[in-house]
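Observations on the model geometry
The primary structure of each chain is shown beneath.
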Amino acid sequence: DSGVTQTPKHLITATGQRVTLRCSPRSGDLSVYWYQQSLDQGLQFLIQYYNGEERAKGNILERFSAQQFPDLHSELNLSSLELGDSALYFCASSVGLHNEQFFGPGTRLTVL
Amino acid sequence: KNEVEQSPQNLTAQEGEFITINCSYSVGISALHWLQQHPGGGIVSLFMLSSGKKKHGRLIATINIQEKHSSLHITASHPRDSAVYICAVLASGSRLTFGEGTQLTVNP
């Protein structure tokens, strides 16, 4: 158990819908990262927050957004969902900006 | 060409064998992660290293910064080591860039 929690574990929804994925980092970690793992693209970095501020952006679609709250938990919002958004979404956390990252169990999103 | 290349893509071994997985990268990095992903999907961080060698139980990771190369070794392999092993580098900023993974199967 890495200490990073993600909810829900599984999510099945329809195209065009909007979902919110939640992540709670390890106690004491200030950085939260979001990654997407799809069958054809592998693991890809989406976005990073540090102590409530966005720090880095990767291949994140405009339909996706994220935020980190004052209690340091983070949410990833996915809207206007398409079939191709079906993937495993991982959250990771680290103490600072360049420290070892610890991964949550992931949320498996299926868009039908 | 990917920034992070792993070899082999697939590896099958017999229990007890010594296993090596290689990772080469083409960018300057501040650190490199080795990750393990089990069939259920969960990802476990095995090592983060920026120089030299680290050991944890039967796992050993080495990195050569000048040659832009890292290896993950598993001694006395066991069927429970069967998983996908992923190399990931910290290049620009603090984002990880991932290799495609090595699927390891250890047969009893």
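Before reading on, note that the structure itself is shown above.
In short, a report on the structure.

The rules behind each value
Residues numbered from 1 in each chain as written. Chains lettered and ligands numbered in written order. Predicted model: local features only at pLDDT ≥ 70, side-chain atom pairs only at ≥ 80, totals over all residues. Heavy atoms only, no water. Contact = heavy atoms within 4.5 Å. Buried area = accessible area lost by both parts, 1.4 Å probe. Salt bridge = Lys/Arg side-chain N within 4 Å of Asp/Glu carboxyl O. Polar contact = N/O pair within 3.5 Å; in protein donor to acceptor, adjacent residues only side chain to side chain. Helix = DSSP H or I, 4+ residues; strand = E, 2+ residues; numbered from the N terminus. Pairing = 2+ DSSP bridges. Axes fitted to C-alpha atoms, helices over the stretch in contact; angles between N-to-C directions. Buried < 20%, exposed > 50% of the residue type's maximum accessible area, 1.4 Å probe, protein only.

1. Here's the deal with the interface of chain B and chain A
Residue-level contacts link 17 residues of chain B with 20 residues of chain A. When chain B packs against chain A, close to 1400 Å² is buried across both sides, 59% of that on carbon and sulfur atoms. At the boundary of chain B and chain A, one finds zero salt bridges. Taken together, chain B and chain A are joined by three residue pairs in polar contact (both at pLDDT 80 or more). Those elements giving two or more residues to the side of chain B that touches chain A turn out to be β4 (31–37), β5 (43–49), β9 (83–90) and β10 (96–98) of chain B.

2. Looking at the sheet that holds strand β8 (residues 74–78) of chain A
All names here are of chain A. Taken in spatial order, the four strands line up as β1-β3-β8-β7 in an open sheet, and their pairing is antiparallel. Edge positions in the sheet fall to β1 (5–7) and β7 (64–68), since each has one partner strand and no second. With direction set aside, neighbouring strand axes in the sheet form an average angle of 15°. Here strand β3 (residues 19–24) pairs with β8 via five bridges, running antiparallel. The residue bridging C23 from the neighbouring strand is S74, located in β8.

3. A closer look at the side chain of N77 of chain A
Residue and element names in this part refer to chain A. Structurally, N77 is set in strand β8. Given a relative accessible area of 6%, N77 falls into the buried group. Among the polar contacts made by the side chain of N77, one reaches the side chain of T20 at a distance of 2.8 Å. Those residues in contact with N77, other than ones at most four positions away along the chain, are R18, V19, T20, R63, F64, S65 and Q67.

4. Section: the sheet that holds strand β8 (residues 69–74) of chain B
Two orientations exist for strands paired in a sheet by backbone hydrogen bonds: parallel and antiparallel. Residue and element names in this part refer to chain B. One open sheet accounts for five strands, arranged β1-β3-β8-β7-β6; its pairing is antiparallel. This sheet does not close on itself; its edge strands, each paired only once, are β1 (4–7) and β6 (52–56). Across the sheet, the mean angle from the axis of one strand to that of its neighbour is 15°, orientation sign disregarded. In this structure, strand β7 (residues 59–64) lies alongside β8, joined through six bridges in antiparallel fashion.

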